[in-house]
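Overview (structure and organization)
One-letter residues, chain by chain:
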Amino acid sequence: MGYFVIIVFTTFLGSPPEFLPVAFKNNTDCLNYLVKEVVKQYDYMEVKKNNKHIYLSNTTNNKFIVCEKLEYPIIKTKFKPKN
């Protein structure tokens, strides 16, 4: 189980990604919020679509805003008790 979050990537001098303080249980709600609300919060951002993704990008292509699923890894370890 995981949540979908909105992440802002900036390619300026190795800036770390920024998480917006919202999370969604499904990708559809995340994408709707991205293209209807987040696009209003950032200047010069456009909705871009390709075969698999919908994201926001600015005119100089140095800032990207995407919806991604955030999950914690499940680590399975084999435990053998000593006899």
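Every chain is numbered independently, its residues counted from 1 as its sequence is written. Totals for whole chains, interfaces and linings use all residues, but because this is a predicted model, local features are given only for residues with pLDDT of at least 70 and pairs of side-chain atoms are given and counted only at 80 or more. The side-chain figures draw on all heavy atoms in the structure; neither hydrogens nor water molecules are used.

1. Quick word on the nonpolar core
To keep it simple, the criterion reads: The term nonpolar core refers to a set of buried residues drawn from Ala, Val, Leu, Ile, Met, Phe, Trp, Tyr and Cys, joined through side-chain atoms within 4.5 Å. The cut-offs for exposure are 20% and 50% of the maximum accessible area for each residue type, with area from a 1.4 Å probe on protein chains only; residues under the lower value are buried, those over the upper are exposed, and the others partly exposed. Each helix corresponds to a stretch of at least 4 residues labelled H or I by DSSP, and each strand to a stretch of at least 2 residues labelled E; elements are numbered beginning at the N terminus. By the convention used here, residues are in contact when the closest approach between their heavy atoms is within 4.5 Å.
In this structure, I6, L34, V38, Y42 and I65 are the most contacted members of the largest nonpolar core, which totals 14 residues. Elements supplying a minimum of two residues to this core: β1 (3-10), β2 (18-24), α1 (27-41) and β5 (63-70). With 4 residues, α1 is the largest single contributor of residues to this core. Residue contacts for L34: discarding those within four places in its chain leaves I6, V39, I54, Y55, L56, I65 and C67.

2. Re the side chain of S57
Condition: Polar contact is the term for a pair of N or O atoms within 3.5 Å; when the atoms are in protein, one must be able to donate a hydrogen and the other to accept it, and sequence-neighboring residues count only if both atoms are side-chain atoms.
With respect to the helices and strands, S57 occurs in strand β4 (residues 54-58). Of the residues examined, S57 reaches a relative accessible area of 1% and is grouped as buried. Here N61 takes part through its side chain, which lies 2.8 Å from a polar atom of the side chain of S57. Setting aside residues up to four positions removed in sequence, S57 forms contacts with Y44, M45, E46, K48, K63 and F64.

3. Some thoughts on unusual backbone geometry
Notably, Y44 is not glycine yet its phi reads approximately 65 degrees, a positive angle. Positionally, Y44 belongs in the loop between α1 and β3 (45-49).

4. Observations concerning the packing of aromatic side chains
Definition in use: Two aromatic rings from Phe, Tyr or Trp, using only the six-membered ring of Trp, form a pair when their centres are within 6.5 Å; if the ring planes differ by under 30 degrees the pair is stacked, by over 60 it is edge-to-face, and anything between is tilted.
Inspection of the entire model under this criterion finds 2 aromatic pairs. Arranged with centres 5.4 Å apart and planes meeting at 45 degrees, the rings of F24 and Y33 form a pair that is tilted. Given a relative accessible area of 14%, F24 falls into the buried group. Residues Y55 and F64 carry aromatic rings whose centres are separated by 6.4 Å and whose planes lie at 55 degrees to one another, so their mutual orientation is tilted.

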